[in-house]
Amino acid sequence: HYRAEGRHEYAVLLFVPSMPPFDLFDPERRGRVRLYVRRVFIASDAELLPAYLRFVRGVVDSEDMPLNISREMLQNNPVVVTIRAGLVKRVLGELKKKAEKAPDDYAGFWDTFGAVLKEGIYEDHANRDRLIELARFRTTGGEGLKSLADYVAAMKDGQEAIYYISGDSAEAVVRSPQLEAFRARGVEVLLLTDPVDEFWVPAVGAYQEKPLKSVTRGGVDLDKIAAGDKTDADEKPDDDIGETDIDRLVASFKLTLKDAVKDVRTSARLTDSPVCLVADEGDIDMHLERMLKQHKQIDASSSRILEINARHPLIRGLAGRVKAGGAAADLEDAAQLLLDQARIVEGEPVPDLAAFARRLAAVMQKGLAT
């Protein structure tokens, strides 16, 4: 609650509800700040706050505007422009104070309205830096919320990027195989679970000169971070399978899978799982593609890269089969099953369920026979 005096005079009373309004995600994204002129009601939504602050409720009473002002005139009224700029500055300032002085209370606010506030990071370039400082994120580093400043301060020696993974829920993405190498090296990853994350992250690009990089897209080079850290991946497998044998297996998978994947390559991001799917560096992120398909924005699916864990016993066993000249049919079934497994883990549909069931039954039958 405050009163602005000077060139334009107006009184303000604003508050943030403790519970989200039922129309918070209405497509029209209307605000609910009422405008009065000298205590005479003018409009229930005069767009005194941007859409990303539509959760704020309250009233503004102006002393300067004419009583007969129309809704059309409000859009370009210089007094409204001044009030709007002042309100945004004040609201963001109050939220910053809350975040600094009462972080637990702010965490409750963020869980309720954070997804809406992040819309401003994409839309409001003038206030983008202030909004980024207000943003909080769940990470693989433990419970609670962290700011990007906290994340950067805790980055590992040699880490050059801010890593993130996007998905429908934190519980789902935290189990993604793409996180295995990051977890093994103690590298924290942001868990982005709001649809708006797919839009503001590319718009921002970097924070404090640290690029924002998806762990499910492009190659991953953790050698600098892993230096000096002892992980299971550093131990040499106890077999006679060499890089040439793995390369032959990769070539065999490429011939079998053909256009079903964009490429097959060994992975630097896997430690426990045998395979995973990733998007190429310039391709659309997998979670964003799923969202767009759900909303009928795109029809076709992009080809993905199948990464294999060269240290996994299953992969090394298959490489041994290639080395020994194993049956081509068995290797083809294995390649198809591993691709379907990677699809299932990513929440993607299996194109041919009957063929998947047949291959799985055949592998289980052979396993029982040995």
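Residues numbered from 1 in each chain as written. Predicted model: local features only at pLDDT ≥ 70, side-chain atom pairs only at ≥ 80, totals over all residues. Heavy atoms only, no water.

Asker: Run through the overall build of the protein, naming residues and quoting values.
Answerer: A count of helices and strands for the protein gives 15 helices and 14 strands. The C-alpha atoms of the protein give 27 Å as radius of gyration, which overshoots the globular expectation for 370 residues (21 Å, by more than 25%). Dimensions of the protein, computed from the C-alpha atoms along their principal axes, are close to 90 × 45 × 30 Å. The burial tally for the protein puts 45% of its 370 residues in the buried class. (Helix = DSSP H or I, 4+ residues; strand = E, 2+ residues; numbered from the N terminus. Rg over C-alpha atoms; globule rule 2.2 N^0.38 Å. Buried < 20%, exposed > 50% of the residue type's maximum accessible area, 1.4 Å probe, protein only.)

Asker: Explain the sheet that holds strand β14 (residues 305–308) to me, using residue names and the numbers behind them.
Answerer: Judged by pairing direction, the sheet is mixed, and its 3 strands sit side by side in the order β12-β14-β13 without closing on themselves. The open sheet has two edge strands with one neighbour each: β12 (263–266) and β13 (275–278). The sheet shows a mean angle of 25° between the axes of neighbouring strands, taken without regard to direction. Pairing analysis gives 4 bridges linking β13 to β14, with the strands arranged antiparallel. Among the inter-strand pairings, C276 is bridged to a residue of β14, identified as E307. The sheet strands contacting helix α14 (residues 328–345) are β13 and β14, and the helix crosses β13 at an angle near 60°. (Pairing = 2+ DSSP bridges. Axes fitted to C-alpha atoms, helices over the stretch in contact; angles between N-to-C directions. Contact = heavy atoms within 4.5 Å.)

Asker: Break down the pattern of salt bridges for me, citing the residues and quoting the values.
Answerer: A full pass over the atoms with the stated rule returns 26 salt bridges. A salt bridge links R54 to E119; the nearest nitrogen and oxygen atoms lie 2.9 Å apart. Here the residue R54 occupies a position in the loop between β4 (40–43) and β5 (57–62), and E119 occupies one in helix α4 (residues 119–123), the gap between them amounting to 65 residues. Note on accessibility: R54 and E119 belong to one class, buried. A salt bridge links R248 to D245; the shortest N-O distance between them is 3.8 Å. Of this pair, R248 and D245 both sit in helix α11 (residues 243–257), 3 residues apart, which is roughly one turn of that helix. For R248, a relative accessible area of 45% translates into the label partly exposed. Given the relative accessible area of 7%, D245 is considered buried. Here the salt bridges do not stand alone but share partners, grouping R29, R54, E119 and E123 into one network. (Salt bridge = Lys/Arg side-chain N within 4 Å of Asp/Glu carboxyl O.)

Asker: Talk me through the sheet that holds strand β8 (residues 162–166); I want residue IDs and the actual numbers.
Answerer: Taken in spatial order, the 6 strands line up as β7-β6-β9-β8-β11-β10 in an open sheet, and their pairing is mixed. Two strands close off the open sheet at either side, each with one partner strand: β7 (142–146) and β10 (206–207). Here helix α9 (residues 197–204) sits on the sheet in contact with β6 (137–139), β8, β9 (190–192), β10 and β11 (210–214), set at roughly 145° to β11.

Asker: Describe the side chain of Q159, listing the residues and the values that go with them.
Answerer: Here Q159 lies in the loop between α6 (148–153) and β8. Separated by 2.9 Å, the side chain of Q159 and the backbone oxygen of A161 make a polar contact. With residues near it in sequence (within four places) discarded, Q159 still touches Y151, V187, E188, K210 and I225. (Polar contact = N/O pair within 3.5 Å; in protein donor to acceptor, adjacent residues only side chain to side chain.)

Asker: Help me get a handle on the pairing of β8, residues and values and all.
Answerer: Counting buried positions along β8 gives 5 out of 5 residues, so the element sits mostly inside the fold. Taking every second residue as pointing to the same face, both faces of β8 are buried, with I162, Y164 and S166 on one and Y163 and I165 on the other. Bridge count for β8 against β11 is 3 bridges, and the pairing is parallel. When the bridges of β11 are listed, I162 appears paired with L212. Two elements, β8 and β9, share 3 bridges in a ladder whose sense is parallel. Bridge assignment links Y164 to a residue of β9, and that residue is L190.

Asker: Run through the environment of F41, naming residues and quoting values.
Answerer: Within the secondary structure, F41 sits in strand β4. Note on F41: relative accessible area 40%, which makes it partly exposed. Along the backbone, F41 and V59 are 18 residues apart, and their C-alpha atoms lie at a distance of 9.6 Å. Aside from chain neighbours lying at most four places away, what touches F41 is R34, L35 and Y36.

Asker: Tell me about unusual backbone geometry, and name the residues and values.
Answerer: In the Ramachandran plot, R38 falls in the positive-phi region, its phi being about 50° despite a non-glycine side chain. Structurally, R38 can be placed in the loop between β3 (32–37) and β4. A relative accessible area of 38% places R38 in the partly exposed class. In the Ramachandran plot, E209 falls in the positive-phi region, its phi being about 65° despite a non-glycine side chain. Position of E209 among the secondary structure elements: in the loop between β10 and β11.

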